[in-house]
Amino acid sequence: MTKTGVVPSSTRTLNIRQAYVLLVLGVILLTLAWFLQLNPFVYPLGLFLFGLGMLIGAAFNPRRLLIAGILVTAIGASIFLAYKRTIIPDAGNSIVLAIGFGLVSIALAARRGYITAGAMTPAVIVLLVGLVEYRPTAQYLPANVTPFILSLWFPGLGLLVLGLIYALVSFRK
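All figures in this text were calculated on a predicted structure; none of them were measured in a lab.

(A) Structural context of unusual backbone geometry. Not every positive phi belongs to a glycine, and Q37 is a case in point at roughly 45 degrees. As for its position among the elements, Q37 is in the loop between α1 (9-36) and α2 (46-58).

This is the structure in C-alpha cells:
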C-alpha cells in the first residue's frame, strides 16, 4: 500500500534539479539585463527567452513546464518577428500562427502522456496574451508593461520566481 502525496526520490531529484536550473537561468538573465540594458523595442527578446528558459527547465521534468514553454516560446518568437519587420515584412498577425503551433505541440505532448486532458496552462497563457493585446483592456495596464515584458528583466524575474516556487514545492513534499 502506497501513501498518497509521496513523490518517488528520482522524481523529487529531477524536480529539485529543475528548480535549480530555473534559478540559475533567472540569475543569469537578471545579470544580463542589468549589464546590457538593451532597448526592448529594438531587441524584443523577453517573452521568447522566458519560454526558452521554461523549455530548458522542462528537460528535467516535462510534465511541469513543457506546455507553457512551447506556447510562450512560440508567442515570443511571433512577437519578435512582429517587431523585426526586416526579417518577415508582414509578421504582425503571426501570433495566430504561434498559438496554432503551440496548440499542435500541446496535442502531441498529450499523446505522449506528458500532460493530461485537464491541463489549464495553455488556456491561461492564451487568455493573458489576449488581454494584454486587446485594446480595450490594454488601456488599463500601466504604460511600462509592454517594455517590461519585452526586456530581459521579465524572463529573469519570471524564471527566478518559477524556480523559487518549484524549489519550495519540491522541498515541501
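(B) Just the nonpolar core, in detail. Counting residues in hydrophobic clusters, the biggest one holds 34 residues, and the most contacted among them are F50, M54, L65, I75, L159 and L162. Contributions of two or more residues to this core are made by α1, α2, α3 (62-83), α4 (94-112), α5 (121-133) and α8 (153-172). Ranked by residue count, the leading element in this core is α3, at 10 residues. Ignoring any residue separated from it by four or fewer positions in sequence, one finds L162 in contact with L22, F50, M54 and L65.

(C) Quick peek at the confidence of the model for the chain. Residues with a pLDDT of 70 or more make up 84% of the chain, whose mean pLDDT is 81. α2 holds the highest mean pLDDT among the elements of the chain, 92, whereas helix α6 (residues 135-138) holds the lowest, 69.

(D) Just the packing of aromatic side chains, in detail. Evaluated as defined, the whole model comprises three aromatic pairs. For the ring pair W34 and F35, a centre distance of 6.0 Å and an interplane angle of 10 degrees mean the geometry is stacked. Accessibility assignment for this pair places W34 and F35 in one class, exposed. With a centroid separation of 5.8 Å and 80 degrees between ring planes, the pair formed by F148 and F154 is classed as edge-to-face. Among the aromatic residues, ring-to-ring pairing joins F50, F148 and F154 into one connected group. When the ring centre of Y166 is taken as reference, the NZ or CZ atom of R64 above it lies at 4.3 Å.

Reading guide: rules and limits
- Residues numbered from 1 in each chain as written.
- Predicted model: local features only at pLDDT ≥ 70, side-chain atom pairs only at ≥ 80, totals over all residues.
- Heavy atoms only, no water.
- Helix = DSSP H or I, 4+ residues; strand = E, 2+ residues; numbered from the N terminus.
- Core = buried A, V, L, I, M, F, W, Y, C linked by side-chain atoms within 4.5 Å.
- Buried < 20%, exposed > 50% of the residue type's maximum accessible area, 1.4 Å probe, protein only.
- Contact = heavy atoms within 4.5 Å.
- pLDDT = per-residue confidence, 0-100.
- Phe/Tyr/Trp six-rings, centres within 6.5 Å; stacked < 30°, edge-to-face > 60°.
- Lys NZ or Arg CZ within 6 Å of the ring centre and 35° of its normal.

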